[in-house]
Amino acid sequence: METVVWSKPENERAGTPLLVMMHGYGTDESRMVRLFDHLPSEFTCAALRAPMVIGDHYGWFLLDYFLVNDFADVITATNAVHTWIGSVKGQHSSVSLLGYSQGMAMASTLLRLHPKNYEATVGLSGFVLENDLLALSESFETPPPFFWGRDKADMVINDEAIAYTEEWLNANTRLTARTYPGMGHAMCKAEMVDVSAFLRHYVLG
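One structure accompanies this document, and this report is about it. (Residues numbered from 1 in each chain as written. Predicted model: local features only at pLDDT ≥ 70, side-chain atom pairs only at ≥ 80, totals over all residues. Heavy atoms only, no water.)

## Here's the deal with the sheet that holds strand β8 (residues 145-150)
The line we're drawing: Strands are treated as partners if at least two bridges between them are detected by DSSP. Under the scheme used here, helices are H or I runs from DSSP no shorter than 4 residues and strands are E runs no shorter than 2 residues, and both carry numbers assigned from the N terminus. Note on definitions: angles span 0 to 180 degrees between N-to-C directions of axes, and those axes are lines fitted to C-alpha atoms, for helices only across the stretch in contact.
Strand order in the open sheet made by the 7 strands is β1-β3-β2-β6-β7-β8-β9, with mixed pairing throughout. Edge strands, defined here as strands with exactly one partner in the open sheet, are β1 (4-6) and β9 (174-179). Taking the axes of each pair of neighbouring strands and ignoring which way they run, one obtains an average angle of 15 degrees across the sheet. With 6 bridges connecting them, β8 and β9 associate as parallel partners. Looking at the pairing, Arg150 lines up with Thr179 of β9.

Structural data, given as structure tokens:
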């Protein structure tokens, strides 16, 4: 990861829980940085910039309106984030994930490939990838805690993707699902209150 914005200076990170934050398609890490002040101060937050240039912004892998993707690109991006996390996790008490929109697909894919690595996962206004190879490789000894926040009227994530996401999360995770009418394809303060409570419960104990 060439560009990472941290919520704490390096000399204040040791021993803190790490929250790795991934933005959506066609935006950048600044979208995640704006959440820092709305999350528990005990965490060190790291907002990553996706590596693929999308116009004037960035994405994790190419995506069309129907959320069709090249799985090779997904794995390349996921492995890059996994490698970066491996380079920093030693100084932290735990690692959790937060992804918005396409970033939720990244966070859930990381969880599926490395379920023992993450304390908790947050997905906001996004989706879980429907992929046979991922389904064959995933194995959870115990259901991992997962927060899913969205607006039911969000027009960006199609109905098929929502249906699969709901089915997968209910079957595989300890799910906390919340909806926020009127939010659209975005994030809101009420949602951050719920995300913070979720992280405090499952990570800070």
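Anyway, onward from the coordinates.
## Here's the deal with the layout of surface pockets
Note the following rule: The way it works is a 1 Å grid over only the protein atoms, where trapped points that fit a 1.4 Å probe form a cavity and open points with protein on both sides within 12 Å along at least five of seven lines form a pocket, and then any residue with an atom within 4 Å of a point lines it. Grid points are joined across faces, edges and corners, and a volume is the space filled by probe spheres set on the points. Residue polarity follows a fixed list, in which Ala, Val, Leu, Ile, Met, Phe, Trp, Tyr, Cys and Pro are nonpolar, Asp, Glu, Lys and Arg are charged, and the others, Gly among them, are polar.
Considered as a void within the structure, the largest pocket measures approximately 280 Å³ in volume. Lining the largest pocket are 13 residues, with Pro115, Lys116, Tyr118, Thr142 and Pro144 sitting closest to its centre. Considered class by class, the residues forming the lining of the largest pocket number 7 nonpolar, 2 polar and 4 charged.

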